[in-house]
Amino acid sequence: MGEPVNPDVTAVQKPDPATLAGAPPSERADLRPENIQDAVIRLAGNSQDGIQTAGAFLARLAGRSAQEVMTYMTIPATISGGPSIFQVRIGTGEVLSAGDEADFLVAFYQHSYQDHIGFLREGGVLLYDSDNVEPNLDDKRFVYLGIPITGLTVEALGGTAKDRGKNIFVLGLISKIFQLDADKLKRIITEKFGGKDQSVVNTALMAFQAGYAYPVGNLLKHFYQFEKPEKKPGARDQITMDGNTALAYGLIAGGIRFGAGYPITPWSTVMEVLRRELPKYGGIFVQAEDELASVSIAIGMSYSGWLACTGSAGPGISLKTEAIGWASMAEMPLVICNVQRGGPSTGLPTNVEQSDLHQAIFGSHGDSPRVVLAPRTVEDCFYIAIEAARIARKYSTPVFILSDTSLATRIEAFDEPDLAKIMIDPKPNLTPRETHKPYPLDQITQHAPPGTRILDGKYPLMSGLEHDEMGHPTGSPKLHMAMTAKRRNKMRKLAEELPVPEIYGDQEGDVLLVGWGSTYGPIHDAVKRARENGEKCGSLHLRHIHPLPNGLEKVFKNFKRIVTVEMNDQGIYGYGQLATLLRARYCEPKISSFTKTDGLTFRVREILEGVFQGKSFAARNIPRDGAAIVHTDTNPENVKTTREVVPQGVG
Amino acid sequence: MSEANTNGSPNGGATTTVADPPREKLTKKAITADHPTWCPGCGDFAVLASYYKVLEKRNIDQEKIVTIAGIGCSSRFPYFVNGHGAHFIHGRAVPLASGISLARPDLHVFLFGGDGDGFSIGGNHVDHGGRKNVNLTYFIMDNFVYGLTKKQTSPTSPIGFKSKTDPQGAIDQPVNPMKKLIAGGATFVARTHASQVNHMIQMIERATDHQGFSVIECLSECVEFYPGAFDPANPRKGGSFELIQEKKWDNTPEDELRHDVTDELAAYKLAQLPFPGVFGVFYQSDRPTKNSLEKKWIEQSREKVGNGSDVEVLQRTFDKMK
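Residues numbered from 1 in each chain as written. Chains lettered and ligands numbered in written order. Predicted model: local features only at pLDDT ≥ 70, side-chain atom pairs only at ≥ 80, totals over all residues. Heavy atoms only, no water.

## Side note on the side chain of S518 of chain A
Residues and elements named next belong to chain A. With respect to the helices and strands, S518 occurs in the loop between β19 (509–516) and α17 (520–532). A polar atom in the side chain of S518 sits 2.5 Å from the side chain of D404. Residues in contact with S518, not counting those within four places in the same chain, are Q354, P375, R376, D404, S406, L407, R410 and M567. (Helix = DSSP H or I, 4+ residues; strand = E, 2+ residues; numbered from the N terminus. Polar contact = N/O pair within 3.5 Å; in protein donor to acceptor, adjacent residues only side chain to side chain. Contact = heavy atoms within 4.5 Å.)

Structural data, given as structure tokens:
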């Protein structure tokens with residue numbers, strides 16, 4: 001950073017395919033890779049082009065190389081096709097957000113170029129398919145790298161697959177440009193397609209090789225190379241997956257062996273993993289006829305002694321709410337995943353929103369306490385599922401996990417969990433009991449599943465009617481009050497054991513940003529940036545939203561303003577859903593919120609603009625090192641350093 | 001029947017070491033709980049008595065009996081049975097019971113409900129429970145009227161029936177329970193009458209023996225809101241209780257005329273007969289249960305992972321994600 005800008009940076013002419021077909025020109029010997037720490041690579045194409053596959057390979061490679069990685073994707077809500085992007089941010093240091101801007105943009109089509117060139121940072125590289133894209137080369141803010149991707153892919157693969165394979169061709173190009181470990185990548189490709197026909201693997205490897213061997217060195221002055229992360233001694237290997245996968249395996253690690261669901265975007269992939277994986281652990285996942293059946297089946301499984309899960313997105317959760325109310329009343333443990341999307345109704349099925357918070361907490365008739373948790377990263381999807389299962393068992397209650405589209409689809413690498421330490425043995429306890437009361441007023445309910453002998457001969461009943469301690473119906477006003485209190489008090493008990501989250505940044509000061517769920521990264525980075533600019537601020541991220549941990553009021557005292565940052569609407573009274581809760585809970589007028597509902601994840605500077613209005617660092621055009629590149633010469637020979645091409649520390 | 005302490009999970013395992021005291025033969029006294037809250041004369045009393053009788057006769061381990069119901073007069077059933085059980089929400093008792101049956105195949109899952117639960121609000125679940133052929137027994141007490149809410153039209157109310165929601169007489173075509181159940185895929189479909197206790201006991205026993213989704217529709221009179229509805233099939237009230245003559249496979253000419261319970265089309269023909277129709281087993285099929293198919297898949301999956309421990313299996317999966 002901070003290096004003087006070379007005014008001669010620039011675009012690249014098309015290489016002559018004829019030359020390529022013959023003896024490939026030799027790579028330039030003086031191309032010494034430039035070290036970089038962080039890069040945001042955005043692949044823009046159509047959803048059927050397999051850019052997700054290529055991006056996922058990059059993410060996995062980064063994970064394998066002990067680098068930090070985070071991806072971000074958009075999927076069209078159409079059945080097949082439509083513009084789509086896949087963004088990969090790879091860093092040698094901490095990567096918490098997918099990046100506000102791309103350093104490297106791959107455009108497969110003219111529309112990809114037009115729609116995404118605005119996301120390319122000044123001085124960034126545009127790699128475009130010169131068979132399909134005609135960029136405005138007069139715009140001197142960028143470095144242009146035109147390669148006839150379609151033509152070369154067809155040529156490499158013999159044309160039988162049309163232009164399929166160009167995603168892998170591009171992957172080859174990228175791995176050359178960024179000096180990635182080609183052998184590792186080939187292994188990952190082989191693993192991915194290994195289950196299929198050998199010819200599929202071969203075709204993919206051919207496409208990769210063609211891209212990798214392309215003399216892109218003639219077009220660029222330098223290759224780039226990520227600094228090698230230092231592997232701490234004793235550090236665990238990294239595993240790479242998306243949030244839905246992490247959630248599914250977290251449920252398994254938490255001891256969930258049974259469940260039921262109904263397909264809905266973006267929840268479906270969780271149930272797909274569970275359907276495939278649970279039998280390996282002796283359990284099953286049932287695809288039910290509808291949402292009502294799926295939650296009911298899951299409750300039946302839980303009642304049978306095997307803690308079960310169900311899940312959906314908002315519309316499906318709406319359908320499940322009556323049964324969830326029963327689980328609350330009958331005090332039945334149950335884990336419910338809501339992978340949120342834009343709502344209400346069918347809403348924005350493939351976009352992100354955090355607008356189901358109130359539904360999770362209050363979505364029922366009657367007073368029906370339940371627990372609501374929200375994971376903040378892909379890794380956290382895994383751990384929060386284990387925690388949800390633990391809480392559901394200990395407090396015999398339904399527990400919501402609020403994930404969202406952004407967590408569901410993004411890929412991150414994280415340290416592999418120590419399974420021997422954390423995995424739960426879920427077998428039901430069917431030990432005969434002398435006597436058993438399912439609903440003791442002075443204790444937290446722990447059910448005796450069917451199959452448990454009750455030796456005094458008095459068997460327990462699960463009931464949705466208000467009931468006495470044995471589960472038998474009662475209309476007694478006193479008992480209804482006592483039982484309502486029993487169901488509520490266990491939530492207070494839970495609150496006592498919840499840790500107050502650590503504050504990132506200043507422990508006291510002007511502003512405390514409060515978030516929940518997938519916004520963790522951008523909020524964290526926003527606070528970092530603000531503090532670098534002299535602000536006294538911190539952030540607090542809630543994983544336990546209902547009940548809230550005790551002691552937040554003490555934290556709030558230390559800040560002049562408390563601003564929640566949420567992807568939902570400010571509502572009629574002007575506050576986001578979390579802010580509304582916090583205001584009700586703490587009667588604290590200094591709590592406000594910054595919300596949005598554009599269906600996209602927060603960018604760091606959006607948060608800065610929203611929370612620190614009027615401050616210079618929060619202005620829309622954040623001055624940054626290297627941004628002032630003026631392109632006067634289109635000759636690639638004039639690119640002097642990587643920093644001119646791949647900027648550092650995007651945020 | 002398996003031992004009392006096995007959890008019955010397909011993955012096997014979990015047994016407790018705590019002594020399981022010897023047990024006495026199951027008695028009606030042991031399985032009787034609250035006194036039923038039904039109106040005097042309600043047909044459901046006979047159903048409850050028949051259920052006790054079958055449990056007693058079969059001497060099923062008490063802790064393995066699971067009595068489930070949704071919402072309705074008849075769905076109060078679990079409160080009157082001293083055993084594990086749940087009183088669930090309206091219409092969803094079939095999936096609840098399916099979940100229990102699938103996760104714990106060692107249990108005896110009995111489900112009770114009415115025509116509203118089974119043919120109206122939960123109609124879809126009855127079809128899919130049948131299609132999946134989940135192993136459980138479902139007893140539908142059909143009284144042709146909504147009794148708990150005091151006389152509204154039910155999905156089986158005949159055209160012309162005057163209720164509070166159809167003061168001019170019902171105009172909607174009633175559901176034909178036998179046709180619906182057979183078409184839905186239930187693998188044991190029978191019909192009985194609350195006034196015919198012996199027949200009812202026989203049907204419950206056969207349903208209990210059946211592997212799969214077994215359903216019995218029982219005409220059970222609501223003396224309060226639809227008195228006399230089922231008199232045409234009650235010999236004591238001047239009606240005739242006509243039984244289905246099942247094939248004996250004895251190669252006699254008479255046998256030609258008898259009903260083959262595996263013949264789906266013949267079953268529809270019986271179901272077409274005008275009210276009060278015939279009683280007995282309409283249809284039965286030995287299609288594999290979901291329980292057995294899932295079990296097979298679990299065994300194959302377990303074998304593929306070398307019957308490894310949970311930790312080993314997950315660790316291997318994670319190794320592939322490195």
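## Comments concerning the side chain of N143 of chain B
Considering the arrangement of structural elements, one finds N143 of chain B in the loop between β4 (136–142) and β5 (145–146). If we skip the residues at most four places from it in the chain, N143 of chain B touches D115, S220, C222, Y226 and F230 of chain B.

## Topic: the sheet that holds strand β23 (residues 591–595) of chain A
Residues and elements named next belong to chain A. Taken in spatial order, the five strands make up an open sheet running β18-β20-β19-β22-β23, and their pairing is mixed. Both outer strands of the open sheet, β18 (503–505) and β23, are each paired with one neighbouring strand and no more. Sheet twist, expressed as the mean angle between neighbouring strand axes with direction ignored, is 30°. In this structure, β18 lies alongside strand β20 (residues 537–542), joined through three bridges in antiparallel fashion. Pairing of G505 across the sheet is with G538, part of β20. This element, α17, spans β18, β19, β20 and β22 (559–566) of the sheet and lies at about 170° to β20. (Pairing = 2+ DSSP bridges. Axes fitted to C-alpha atoms, helices over the stretch in contact; angles between N-to-C directions.)

## Considering the domain arrangement of chain A
Residues and elements named next belong to chain A. Structurally, chain A comprises domain 1 (17–226), domain 2 (241–422), domain 3 (429–497) and domain 4 (503–611). Here the C-alpha centre of domain 4 lies 36 Å away from the C-alpha centre of domain 1. Each partner contributes to the interface: domain 1 provides eight residues, whereas domain 4 provides ten residues. Carbon and sulfur atoms make up 49% of the area that domain 1 and domain 4 hide from each other, which totals about 760 Å². On the surface where domain 1 and domain 4 come into contact, there are one salt bridge. Linking E101 and R605 is a salt bridge whose minimum nitrogen-to-oxygen distance equals 3.7 Å. Along the contact surface separating domain 1 from domain 4 lie four residue pairs in polar contact (both at pLDDT 80 or more). (Domains from an automatic or database assignment. Buried area = accessible area lost by both parts, 1.4 Å probe. Salt bridge = Lys/Arg side-chain N within 4 Å of Asp/Glu carboxyl O.)

## So, the packing of helix α5 (residues 166–177) of chain A against helix α6 (residues 182–193) of chain A
Residue and element names in this part refer to chain A. At a minimum axis separation of 12 Å, α5 and α6 run at an interaxial angle of 160°. Relative to α6, α5 is oriented roughly antiparallel. α5 and α6 meet at a crossing whose hand is right-handed. Residue-level inspection shows I168, L171 and S175 of α5 in contact with α6, the latter providing L185, I189 and F193. Its residues assigned to classes, the contact of α5 with α6 shows five nonpolar, one polar and no charged. (Parallel < 35°, antiparallel > 145°, perpendicular 65-115°, else oblique. Left-handed = near helix turned anticlockwise from the far one by under 90°. Nonpolar A, V, L, I, M, F, W, Y, C, P; charged D, E, K, R; others polar.)

## A few points about the pattern of salt bridges
Under the criterion given, the structure shown has 47 salt bridges over all chains. The salt bridge involving R276 of chain A is made with E277 of chain A; its shortest N-O contact spans 2.9 Å. The residue D418 of chain A makes a salt bridge to K421 of chain A at a minimum N-O spacing of 3.4 Å. Given a relative accessible area of 27%, D418 of chain A falls into the partly exposed group. Residue K421 of chain A is classed as exposed on the basis of its relative accessible area of 69%. Residues participating in the shared-partner salt-bridge network are R453 of chain A together with D20, R23, D61 and E63 of chain B. (Buried < 20%, exposed > 50% of the residue type's maximum accessible area, 1.4 Å probe, protein only.)

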